[in-house]
Amino acid sequence: MRQSVPVPDDALAQLRWLRTPEGAAAAARAAVLLAEGSDLLTGLARLRAEVGPEHAGPAWELARLRARARPAFGADADVLFLTADTLEQAGRPALAARRARRLLADTADGWGVDSVADLGCASGTDTVALARAGARVLAVDLDPLARELTAANAEVLGLSDQVWVVAGDAVELVDAARGGEVAGCAGAVLDPARRAGGRRLLDPDRWSPPWSTVAALLDRAPHAVVKVAPGLDHDRVPTGVEAEWVSAGGSIVEALLWGRGRSTAWRRASLVRGDEVLELTADADPGPAPAGPVRGWLHEPDPAVIRSGLVSVAAAELDATLVDPTIAYLTSDAPAGSAWVSSYRVDEVLPFNLKKLKALLRTRGVGRVVVKKRGSPIEPEALVRQLRGPGAGSAVVVVTRVAGAPTALVCDLT
Ligand SMILES: C[S@@+](CC[C@H](N)C(=O)[O-])C[C@H]1O[C@@H](n2cnc3c(N)ncnc32)[C@H](O)[C@@H]1O
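All of these numbers come straight from a predicted model, not from anything done at the bench. (Residues numbered from 1 in each chain as written. Predicted model: local features only at pLDDT ≥ 70, side-chain atom pairs only at ≥ 80, totals over all residues. Heavy atoms only, no water.)

Participant: Tell me about the packing of aromatic side chains, residues and numbers included.
Facilitator: Enumeration according to the criterion identifies one aromatic pair in this entry. Both rings, one in Trp 207 and one in Trp 211, keep their centres 6.3 Å apart while their planes meet at 70°; by these two values the pair is edge-to-face. In terms of burial, Trp 207 and Trp 211 fall into one category: buried. Between Arg 102 and the ring centre of Trp 258, over which it is positioned, the NZ or CZ distance is 4.1 Å. The aromatic ring of Tyr 329 is capped on one face by Arg 374, whose charged end is 5.1 Å from the ring centroid. (Phe/Tyr/Trp six-rings, centres within 6.5 Å; stacked < 30°, edge-to-face > 60°. Buried < 20%, exposed > 50% of the residue type's maximum accessible area, 1.4 Å probe, protein only. Lys NZ or Arg CZ within 6 Å of the ring centre and 35° of its normal.)

Structure below.
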């Protein structure tokens, strides 16, 4: 079994020192210096003098990462052990908690999950969320530094009694899965590494573990959830597996595949607004929405609706049609009042022509525009500059295709 990956020279030793009372005091001191606004040079010089040259760098780095983690991790961030890599790979704790609750909830037929294998734990965001949701967690990683971080974080958050951290290869553990269990656990979480050398790996076959392990897990473990890239091709989603796209603040924040024992829909779009989560689902592919002429209102669906293939479900709710069969803009006679779309009142519809568009905006006293586009090669920033003028008014200019023709829609900015 492959059990280790290269770790920077003394990273493990540094982490172990940071876990001692002296290390904790040094990280706390670094946090104070950072909070006081010390820059790197001054802060490090002070820390070197106080805790010694070999410990100052690690303490400073940990304090810096904790400060960066605070908005998402809250008070936990002040005690967590992180590296720049594991923080970058970590999902949002609130989303990990939501996933954990769904994975552990009793199913309609009364099936419960009380133990979960976290296959690739990094610094343990999922492990912690699963343990807090009540599971016993087997946290697995190839990387010894990741294992040390997860063990440290479970300990510092008082979860050690529920967490076992072990070296292991997720590929082999999934290959060996039997009777729906992975490594003796009733449930599994797989969050493959989807970056290498600071770049996204667009090809799922190059993730670690690769797509073959994702597919095998979904085949063998009904109570599994896999985090995937938001751009995952729908063709990859196995039959009977629910794919979910989650958005917050107008961007996709995660995409998930739910094992067959946990799937309750064909696709799900979830929109996170503070503590509230809105969900739109379909039990089967709803097909495309009907297309029709532009009406009084234009609606831009949330990216989770678009990525999950549920535009026609949103369209039916709004009594709306597509402006073009290939473009995800909807149109209807009335404002939508729906969280699933952003709505704009349409004032003018004209074939796209820069000169005519400029002239129209001048006539309407519009000097400031927000440009949106879909299905057009224009550069929004460049068009904003070209359309800027002396007028006091503002507008949203939507450049798109309508029934196949390049079109500009001038809409209210309200
Ligand atoms: C994206 S990170 C997981 C992040 C984690 N879920 C979180 O929220 O903090 C992927 C992790 O999988 C580990 N990994 C990659 N390939 C693996 C394999 N074949 N077996 C076990 N762990 C693996 C990496 O070392 C890395 O720590």
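Participant: Mind laying out unusual backbone geometry, listing which residues take part and the relevant values?
Facilitator: Between Ser 208 and the following residue, Pro 209, the backbone shows a cis peptide bond with an omega angle of -5°. Inspection of the secondary structure puts Pro 209 in the loop between strand S6 (199-200) and helix H10 (211-220). A positive phi angle, close to 50°, is found at Ala 122, a residue other than glycine. Within the element layout of this structure, Ala 122 appears in the loop between strand S1 (115-119) and helix H7 (125-132). Phi angles above zero are rare outside glycine, and Ala 183 is one such case at about 50°. Turning to its location among the elements, Ala 183 is positioned in the loop between helix H9 (170-175) and strand S4 (187-190). (Helix = DSSP H or I, 4+ residues; strand = E, 2+ residues; numbered from the N terminus.)

Participant: Tell me what's going on with the sheet that holds strand S10 (residues 267-273), and back it up with residues and numbers.
Facilitator: Overall, mixed pairing links the nine strands, which are arranged S3-S2-S1-S4-S7-S9-S8-S10-S11 in an open sheet. Strand pairing shows two members of the sheet lacking a second neighbour, strand S3 (163-167) and strand S11 (276-282), which therefore form its edges. With direction set aside, neighbouring strand axes in the sheet form an average angle of 20°. Pairing of S4 with strand S7 (residues 224-228) involves three bridges; the strand directions are parallel. Opposite Leu 190, over in S7, you have Val 226 as the bridge partner. Docked against the sheet, helix H8 (residues 144-156) engages strand S2 (136-141) and S3, running at close to 170° with respect to S3. (Pairing = 2+ DSSP bridges. Axes fitted to C-alpha atoms, helices over the stretch in contact; angles between N-to-C directions. Contact = heavy atoms within 4.5 Å.)

Participant: Which residues make up the side chain of Asp 191, and what values do they have?
Facilitator: Assignment of secondary structure puts Asp 191 in the loop between S4 and strand S5 (195-196). Residue Asp 191 is classed as buried on the basis of its relative accessible area, which comes to 16%. Polar side-chain contacts of Asp 191 include one of 3.0 Å to the side chain of Arg 194. If we ignore the near neighbours within four places in the chain, the residues touching Asp 191 are Gln 89, Leu 119, Asp 126 and Lys 227. (Polar contact = N/O pair within 3.5 Å; in protein donor to acceptor, adjacent residues only side chain to side chain.)

Participant: Please provide a residue-by-residue account of the nonpolar core, values included.
Facilitator: Of all hydrophobic cores here, the largest spans 50 residues; its most connected members are Leu 119, Leu 217 and Leu 257. Residue contributions to this core reach at least three from each of two domains, namely domain 2 (88-282) and domain 3 (297-411). Residues in contact with Leu 119, not counting those within four places in the same chain, are Val 140, Ala 170, Leu 173, Val 174, Val 182, Ala 188, Val 189, Leu 190, Asp 191 and Leu 217. With 30 residues, the next largest nonpolar core counts Leu 82, Ala 100, Leu 104 and Val 113 among its residues. (Core = buried A, V, L, I, M, F, W, Y, C linked by side-chain atoms within 4.5 Å. Domains from an automatic or database assignment.)

Participant: Just give me the short version of the packing of helix H1 (residues 11-18) against helix H4 (residues 53-73), but keep the residues and values in it.
Facilitator: Where H1 meets H4, the axes come as close as 10 Å, and the angle between the chain directions of the two elements is 75°. On the basis of their axis angle, the class for H1 and H4 is roughly perpendicular. Contact residues: H1 offers Gln 14, Trp 17 and Leu 18, while H4 offers His 55, Pro 58, Ala 59 and Leu 62. (Parallel < 35°, antiparallel > 145°, perpendicular 65-115°, else oblique.)

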